[in-house]
Amino acid sequence: TAAPAEADGVVVASSTTLASNPKAVAYLQGANRHLKTIGVWGDASALLETAGIPAEGDGIIVAEQVDEGFGSSLIAALAVHRHWGRAAFNSIVEEE
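The notes below deal with the structure included here. Values in this document were obtained by computation on a predicted structure and should not be read as measured data.

Val12, Leu28, Ile38, Val40, Leu48 and Ile53 are the most contacted members of the largest nonpolar core, which has 13 residues in total. Contributing elements (two or more residues each) for this core: strand S1 (9-12), helix H1 (22-33), strand S2 (37-41) and helix H2 (45-51). When sequence neighbours within four positions are dropped, the list of residues in contact with Ile53 reads Leu28, Gln29, Asn32, Ile38, Leu48 and Ile60. Ala63, Phe70, Leu74 and Ala77 belong to the second largest nonpolar core, which has five residues in total.

In structure tokens, the structure reads:
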């Protein structure tokens with residue numbers, strides 16, 4: 001198995017029921033901490049909620065179903081590698 005830091009991103013398919021799997025939740029949280037691209041569709045968005053990850057944000061792609069738009073957005077987000085707009089230091093700077 002690989003650590004989330006080693007992945008380019010994480011894509012979770014609909015109907016996977018991973019929101020109840022603590023290892024899947026922890027893996028997604030790790031990918032988020034490393035600012036990796038996260039793509040989910042359908043009911044897989046429940047995994048984002050369980051992991052405490054907002055559905056809006058740099059490099060987070062959420063769709064009802066897979067279509068050309070989802071694929072294009074996902075490829076563009078993967079090309080960035082890390083999404084610094086989600087970094088915690090950004091919220092600290094904005095508060096000052």
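Once you've had a look at it, read on.
Let us look at the pairing of S1. Burial of the side chains of S1 is restricted to one face: Val10 and Val12 are buried, whereas none of Gly9 and Val11 on the reverse face is. Across four bridges, S1 lies against S2 in parallel orientation. The residue of S2 that forms the bridge with Val10 is Ile38. For the segment spanning S1, H1 and S2, crossover handedness is right-handed.

What counts, and at which threshold
- Residues numbered from 1 in each chain as written.
- Predicted model: local features only at pLDDT ≥ 70, side-chain atom pairs only at ≥ 80, totals over all residues.
- Heavy atoms only, no water.
- Core = buried A, V, L, I, M, F, W, Y, C linked by side-chain atoms within 4.5 Å.
- Buried < 20%, exposed > 50% of the residue type's maximum accessible area, 1.4 Å probe, protein only.
- Helix = DSSP H or I, 4+ residues; strand = E, 2+ residues; numbered from the N terminus.
- Contact = heavy atoms within 4.5 Å.
- Pairing = 2+ DSSP bridges.
- Right-handed = clockwise from strand over helix to strand, strands pointing away.

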